[in-house]
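A closer look at the structure
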Amino acid sequence: MAEARTPDVSVTIIVYNDEERLPRAVRSVLDQTLHNLEVVIADDCSTDGTERVARRLAASDPRVRYERLERNSGGCSAPRNRGIEVSRAPYLMFLDSDDELPRHACKSMLLVAEETGVDFVTGEVTRLFEETGRTGLWYPQLFAEYRVVNGLRERPEYFTDHLSTNKLYRADFIARHGLRFPEGIHYEDQLFSAQAYTSAESFAVVPWEIYTWRLAPESDSISSSRHKIQNVIDRIAVARLIDAYLAEAGHADLQPAKDHKFLSHDIRLYLGDLPFRDPAWREGFTEAVGPYLDRIPDEVYARLARDERVCLHLLRSGRAEDATAAARVLGRPQVGPRHAVTEGDRTWWGTEVPQDEIGRRELDITEWHLRDHVFATSRIRHELESVQPAGPDLRLRIRTYDPAGLVGDGTEAVLKLATSGDPLEIPLQLTPDRPGEYLSEAALDVRAVPVPLVGFSGRRHPLVSLERDGERRSDVLLAPQDLPVRRAEVTYHEVGAHTVTLRPEGRGAGRLEVEWQRTGVLRAAEPLGPHLRTVKRKAGRVKRIVSGHQGKATVFDAFTKLPGKRELVLFEAMEGRGYADNPRYVYEELMRRDLPLDVVWSHSGDTSSFPAGIPLVRRGSWEYVRLLARARYWVDSHNLPQIYRKPEGTRYLQTWHGQTMKTMGFDVPALRMAAPEVQQRHRESVARWDMLVCPSAEFERTFVPANEYTGELVRSGYPRNDVLVRREEPEQLELAARVRERLKIPDGRRMLLYAPTFRDAARNSGRSIRVDFQALVEELGEDWVIVVRAHYYDRFTVPPQLGHVLRDGSGFADVNDLVLASDALLTDYSSLMFDYANTGRPILLYTDDYEAYRTSERGTYYDLEQIAPGPMLSTTGELAEALRDLEGTAGRYADRYARFQEMFCSYETGQASKLVVDAFFEGGSDE
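Residues numbered from 1 in each chain as written. Predicted model: local features only at pLDDT ≥ 70, side-chain atom pairs only at ≥ 80, totals over all residues. Heavy atoms only, no water.

Considerations on the sheet that holds strand S27 (residues 633-636)
Here we have seven strands laid out as an open sheet, ordered S26-S25-S24-S27-S28-S29-S30, and parallel in their pairing. One side of each edge strand has no neighbouring strand; the edge strands of this open sheet are strand S26 (616-618) and strand S30 (712-715). The average angle at which neighbouring strand axes cross in this sheet is 25°, direction not considered. In this structure, strand S28 (residues 651-654) lies alongside strand S29 (residues 691-694), joined through two bridges in parallel fashion. Bridged to Leu653 within S29 is Met691. Against the sheet, helix H18 (residues 622-630) touches strand S24 (568-572), strand S25 (598-603), S26 and S27, its axis set at about 125° to S24. (Pairing = 2+ DSSP bridges. Helix = DSSP H or I, 4+ residues; strand = E, 2+ residues; numbered from the N terminus. Axes fitted to C-alpha atoms, helices over the stretch in contact; angles between N-to-C directions. Contact = heavy atoms within 4.5 Å.)

Structure, rendered in structure tokens:
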């Protein structure tokens, strides 16, 4: 067999739990104009579907290789180092899985490297802001022209170019100097790049884009986590490592250049964040950076921009509030300080001339020439002090700071706000308050802001416009970060409904921000965008939009306003998966009572589990929307679609679908750390519930506060457990026999119900089915038939060779049917164990991944080892032994089982269905 051709370039793509974006990154490399290259996917032991995706990518193209780390390193270093170790090409590059390489990046840099013989080539980075599509260059001054640099001392400003991803390295250069990314710390790029730059005899700089850095609106990346004090600590830690390296490697003369980079880049990022942080963060930040800042010589500070020097001096002097005010000036030459004081020919920041030498030097802003500018370019500052409702208006109180003396007799001021086209203009009367300060008020009625005929969705920022002697200027209106968010529903004549939100901007200067969102039909049509005016295209797009979720939500709102709501009950279980769960038993109790109610059940396609004669509606259909809007009662065990707000007069019974082993609601890290709008959607969804069925005191202790539920509880036990409590009654015994017959379980064979829960990171992968059935059957023989009930978020197929002893239980909509027919339960962390304990039958736990599940997944409320009602097993041999001596196993765990029942089954009396109907239907009417 011919030996594989050596690639010209190896690109290591590091990834962790990024299955969705990884293919895009890989494709950006495979589509390069340089074809002879290698892609090394270095997976930091992902727990989602990344491995599956990566292996598929590797199988689809021989240039792709997949390397998976044995354990998660928690950073970027280990996977990059793995790439260095396994790459075969003479040139190396690095790419993050959420970013991309422009099409000519590899080829263009390779040509430069081969032509110049440099140790590495570095190029421009484009930052792509995904929310807006806006782009910007990363330190364009460093990449303004093509150059070959003979060592860092020749151009020490390249310390600022600390990324590793915008470079192509010679592999022998990395090997010769033993370059590796430091593991166990963040901002590893900075140390690696410092070592590379100081080790290189020469490097080339190219002025074209070779890396696309994609910035998501809500990112959990390390560089986007500056709100965490640990992030600050990590930056300082790596800065100290660089300092130590420079001293040990004989590069101490480069320390000032490195310090300047630290102040002008690293610390500068945090200074810009000061207006958006609370006092506790600012205090922690000052404590973290103070000692390191104090060791930097004065001459390095002297190289900084004046606004940075002012802000840093105030911060180092313990004047955090003043530093926060000064931070709004950073990089914004028209935003002035609140005050400036002049003595002689010098001007200082603040209200008093500094008395100490350092203060006089660092707060000296004479170079700003505040009073020497023309009216349009000098500095002024407008801050919103308060917002108060005044009828349909919002009364804005604005304080104007005029350190440059711009405001004088005859100065006219106007507050302007526009969506597009002509703005709303509100005259302001600037009233002198204190020296250099003016107050004004504006009555803002957002209904008066002109909007296009097609409506408007977007953010705008009011401007304060000044005019004097024929000269005009417009300036931003800054907002305090503690300004309460105000939201109103507004209908514009001949346009339609909008939601308008007024709040402080969360970035940049921290301006006052007004956001419009189309609602109703306008919002349904919003995705039409520029094609809205094209009638032919509009008709097709409207049809698609109106029939989608948002369109149905709009029509739902209209349906809720129709009169004549009937005594209608809409039932739904497990997102429409069938006639099952708690709603089934509530429904059957209603039927026994023959109450004057019209009942409809929703389904998601499969209607086979429903008894004949039950009215059904397809979940998500137009009829479903109509019935949901008109129903007086909602009964559900999961959560009805969040886009539908509960109509006035409708009552919602939430039965839920299990007790809580895994964390729920805001106890789940993903939701606890989610964006505010995601959290708010969850709160709004829960707020619809009028009554929640409570199966135990433990459920009330965990699930209820985790979801911030404050409504009514019915402490009844679960309706679905009534049949389990009454399992020995003839009706239940007959049902169990029918189930066993349907499953074709031979007489004399016992049935083991295996029902594992799903793993958050392995949905629909089948990896939650962890038992080795082949080995188990070999040890057990054929005494048992194993019925596998996979979670509906997972999948399972019976292996053909095991069909004689293995069954797929997914065909039973109601798991209770299987529970009644079984002789024992085998599970792991599923809430089914809490229900099953009502039967008194043995429970076994196959928990070979317990430590990983408890620590790596969403987490649990209980240490299973402390509460387990049966043995926790981790090998096939242990499981087989427990099943061979099931009676003995059960006896050894009898006391633990009883305690488990006390914790989780004490509300279960077999009467839950009656109690729930009594509470919700008989006693809960709102009439």
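Still more ground to cover, so stick around.
What to know about the packing of helix H1 (residues 22-30) against helix H2 (residues 50-60)
As a packed pair, H1 and H2 sit with axes 10 Å apart at the nearest point and diverge in direction by 25°. Considering the angle they form, H1 stands roughly parallel to H2. Judged by the sense of rotation from one axis to the other, the crossing of H1 with H2 is right-handed. Contacts from Leu22, Pro23 and Val26 in H1 reach Thr50, Val53, Ala54 and Leu57 in H2. Residues belonging to the contact of H1 with H2 are distributed by class as follows: six nonpolar, one polar and no charged. (Parallel < 35°, antiparallel > 145°, perpendicular 65-115°, else oblique. Left-handed = near helix turned anticlockwise from the far one by under 90°. Nonpolar A, V, L, I, M, F, W, Y, C, P; charged D, E, K, R; others polar.)

Comments concerning the nonpolar core
Ranked by size, the top nonpolar core spans 106 residues in total, and within it Phe262, Leu263, Leu274, Leu293, Leu396, Leu415 and Trp516 carry the most contacts. Here this core takes seven residues from helix H7 (residues 229-248), the largest share from any one element. Setting aside anything within four residues of it in sequence, one finds Leu263 in contact with Arg268, Leu293, Ile296, Val300, Tyr301, Leu304 and Leu312. Phe559, Phe571, Ala631 and Cys694 belong to the second-largest nonpolar core, a separate cluster that totals 51 residues. (Core = buried A, V, L, I, M, F, W, Y, C linked by side-chain atoms within 4.5 Å. Buried < 20%, exposed > 50% of the residue type's maximum accessible area, 1.4 Å probe, protein only.)

Digging into the pattern of salt bridges
Note that side chains of opposite charge can pair when their charged atoms are close. Summed over the entire model, instances satisfying the criterion amount to 80 salt bridges. With a shortest N-O distance of 3.4 Å, Arg295 and Asp259 are connected by a salt bridge. In this pair, Arg295 is assigned in the loop between helix H9 (279-294) and helix H10 (298-301) and Asp259 in helix H8 (residues 255-273), connecting sequence segments 36 residues apart. Owing to a relative accessible area of 2%, Asp259 belongs among the buried residues under this scheme. Salt bridges sharing partners connect three or more residues here, namely Glu385, Arg397, Arg399, Asp433, Arg434, Glu437 and Glu441. (Salt bridge = Lys/Arg side-chain N within 4 Å of Asp/Glu carboxyl O.)

Coordinates in, geometry out; function isn't part of it.
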